[in-house]
Amino acid sequence: MEIKFSKLTAAGNDFVLIDNRENIILEKDYQNLAKKLCDRKYSIGGDGLILLEKSSCKDFKMKYFNSDGSHASMCGNGGRSVAKFAYDLGVADSQMVFETDAGVINAEILSDDRVKLNLYEPKDLKRNMKVELSDREFDVDFINTGVPHTVIFVDDINKIDVFKYGREIRYHKAFAPSGTNVNFVQVAKDNTLFVCTYERGVEDETLACGTGITASGVISVLKGFAKSPVNIIAKGGDKLSVSMTVDNDKISDVVLEGPAIISFKGIVKV
């Protein structure tokens, strides 16, 4: 079968997007298709597969799968990408509302390459945890911004082995059984953060992670390291921003803004 697709990148996170409103791909095939299409050696390549599907109550529904085939309830960079994809298809206007498995998202196309997401309230906040690894201990914070994220502040992000420590923390017993994404954050001047992320499901460091950048921004504000809106520079060099309303530890009105670009379109045989 031949399937039309679009390849999008959002701050270095890249995705394969397919219009599945007519159910050309069956649910039983989602995971295997994600692994196949995201393979960078033998297929299109990407950090994840996003399916745009019909919704009974919103503009559309987003289904997201990591490159290893695992399902994730939400992806921030993927959310901006599917908004751009839907707008390009004519499925939605510049202001849209769509479903994810983590909740309902409001999005707005700001320009040709800039998209804003109004996210739901983060949950499961855990402050000032200590996580002991094979050769060191980290002070960490945890929050769920659609998927679980651990945030660790470091003095020099360039001196951290993101893959090694990210992988250890991702599988640490403190976050069992689901595991966690891991974000290493350096606070810079001008209300700016540098963030590197080890992503669960990709099982590697990625150039950016939207929900991880959101988690890093939220925790930095809670700790008094930054003020909303927070400027954040991802591993790939792209600039994003995270804004929110804070009332003690209650976070609301979370907005993630950043790039989403259509790289190319094509047809793939599956």
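Structure report, in brief. (Residues numbered from 1 in each chain as written. Predicted model: local features only at pLDDT ≥ 70, side-chain atom pairs only at ≥ 80, totals over all residues. Heavy atoms only, no water.)

With 14 residues, helix α2 (residues 76-89) extends 20 Å between its outermost C-alpha atoms, agreeing within 8% with the 20 Å of an ideal straight helix rising 1.5 Å per residue. Across the 14 residues that make up α2, a large majority, 11, are buried. Immediately beyond the C-terminal end of α2, within one or two residues, lies glycine 90, with a positive phi of roughly 85°. (Helix = DSSP H or I, 4+ residues; strand = E, 2+ residues; numbered from the N terminus. Expected span 1.5 Å × (residues − 1). Buried < 20%, exposed > 50% of the residue type's maximum accessible area, 1.4 Å probe, protein only.)

In this section: the environment of valine 115. One can find valine 115 in strand β8 (residues 114-119). Linking valine 115 and lysine 84, residues 31 residues apart in sequence, is a C-alpha distance of 7.3 Å. When near neighbours in sequence (up to four residues on either side) are disregarded, valine 115 contacts Arg80, Ala83, Lys84, Glu108, Ile109, Leu110, Leu256, Glu257, Gly258 and Ala260. (Contact = heavy atoms within 4.5 Å.)

Right, let's talk about the pattern of salt bridges for a bit. Where side chains of opposite charge bring their charged atoms close, a pairing between them can arise. Scanning the entire structure with this criterion turns up 18 salt bridges. A salt bridge links aspartate 14 to arginine 40, with the shortest nitrogen-to-oxygen separation between them at 2.8 Å. Here arginine 40 lies in the loop between α1 (30-37) and β3 (48-53) and aspartate 14 lies in strand β2 (residues 13-19), a separation of 26 residues in the sequence. When the shortest N-O distance is used, the salt bridge between glutamate 121 and lysine 250 registers 3.1 Å. Within this pair, whereas glutamate 121 is found in the loop between β8 and β9 (123-132), its partner lysine 250 is found in strand β17 (residues 250-259), the two being separated by 129 residues in sequence. Its relative accessible area of 43% is what places glutamate 121 among the partly exposed residues. Of the residues examined, lysine 250 reaches a relative accessible area of 46% and is grouped as partly exposed. Each of Lys7, Asp14, Arg40 and Asp47 takes part in a single network of salt bridges with overlapping partners. (Salt bridge = Lys/Arg side-chain N within 4 Å of Asp/Glu carboxyl O.)

This next bit is on the environment of isoleucine 251. One can find isoleucine 251 in strand β17. Along the primary structure isoleucine 251 and glutamate 121 are separated by 130 residues, whereas in three dimensions their C-alpha atoms are 6.1 Å apart. Not counting the four nearest positions on each side in its chain, isoleucine 251 is found in contact with Glu121, Pro122, Val218, Leu222, Met244, Thr245 and Val246.

On to the environment of lysine 28. By the element assignment, lysine 28 lies in the loop between β2 and α1. Given a relative accessible area of 65%, lysine 28 falls into the exposed group. Considered as a pair, lysine 28 and glutamine 95 are 67 residues apart in the sequence and their alpha carbons are 32 Å apart. Within the structure, lysine 28 has its side chain in polar contact with the side chain of aspartate 29 (distance 3.3 Å). (Polar contact = N/O pair within 3.5 Å; in protein donor to acceptor, adjacent residues only side chain to side chain.)

Before going further, it helps to examine the packing of aromatic side chains. Enumeration according to the criterion identifies nine aromatic pairs in this entry. Summarising the aromatic geometry, the rings of phenylalanine 5 and phenylalanine 264 are spaced 6.0 Å apart at their centres and angled 90° between planes, so their arrangement reads as edge-to-face. With phenylalanine 5 in strand β1 (residues 2-10) and phenylalanine 264 in strand β18 (residues 261-269), the pair connects residues that are 259 residues apart, well separated along the chain. Look at phenylalanine 5 and you get buried, because its relative accessible area is 8%. Classification of phenylalanine 264 by relative accessible area gives partly exposed; the value is 39%. Here the aromatic rings of phenylalanine 60 and phenylalanine 98 are separated by 4.8 Å at their centres, their planes lie at 10°, and the arrangement is stacked. You can see phenylalanine 60 sitting in strand β4 (residues 60-66) and its partner phenylalanine 98 sitting in strand β6 (residues 95-100), a full 38 residues away along the chain. Among the residues examined, phenylalanine 98 registers a relative accessible area of 0% and is labelled buried. Grouping aromatic residues by their ring pairs yields a cluster made of Phe138, Tyr165 and Phe184. (Phe/Tyr/Trp six-rings, centres within 6.5 Å; stacked < 30°, edge-to-face > 60°.)

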